[in-house]
Amino acid sequence: MATRVSKAVLVRFKALPGREDDVCAFLNQGLSIVEGEPKTVRWFAVQFGPSSFGIFDAFPDEDGRQAHLSGEVGKALGENTGLLFEKPTIEQLDVVAEKQPD
């Protein structure tokens, strides 16, 4: 049975002109980072439009969310702001319902 989640984060950002492929590569690298975070139990990198991207991730509790935000992915977002993408917006969400993976 999959771990239930109660907390989530939605990050949205816009790629700088001509950096869309670099942002996709950055997001793929992010996957390898979060695979080492046991309390990041759901993680999705998404593309909303030609230059609009995001990350949605979910956690079983607030400790997991804060560990993620203060970890390597959070650091990488800060380091690449202004190089690959504009300043991201980060929303901390509460999960009210979920369909668990099989």
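Residues numbered from 1 in each chain as written. Predicted model: local features only at pLDDT ≥ 70, side-chain atom pairs only at ≥ 80, totals over all residues. Heavy atoms only, no water.

The name recorded for the protein in an unreviewed UniProt entry is Quinol monooxygenase, from Sphingobium tyrosinilyticum.

Peer 1: Please explain the environment of Ala 58 as it appears in this structure.
Peer 2: Secondary-structure assignment places Ala 58 in strand E3 (residues 52–59). Spatially, the C-alpha atoms of Ala 58 and Trp 43 are 6.6 Å apart, while their sequence positions differ by 15 residues. Not counting chain neighbours up to four residues away, the residues in contact with Ala 58 comprise Val 5, Lys 7, Ala 8, Lys 39, Thr 40, Val 41 and Arg 42. (Helix = DSSP H or I, 4+ residues; strand = E, 2+ residues; numbered from the N terminus. Contact = heavy atoms within 4.5 Å.)

Peer 1: I keep staring at the pattern of salt bridges and nothing clicks. Help me out?
Peer 2: Pairing is possible between side chains of opposite charge, provided their charged atoms come close. Throughout the structure, instances matching the rule amount to seven salt bridges. When the shortest N-O distance is used, the salt bridge between Asp 94 and Lys 7 registers 2.7 Å. Here Asp 94, found in strand E4 (residues 89–94), pairs with Lys 7, found in strand E1 (residues 7–14); they are 87 residues apart in sequence, far enough to count as distant. Among the charged side chains, a salt-bridge network with shared partners connects Arg 4, Arg 42 and Glu 98. (Salt bridge = Lys/Arg side-chain N within 4 Å of Asp/Glu carboxyl O.)

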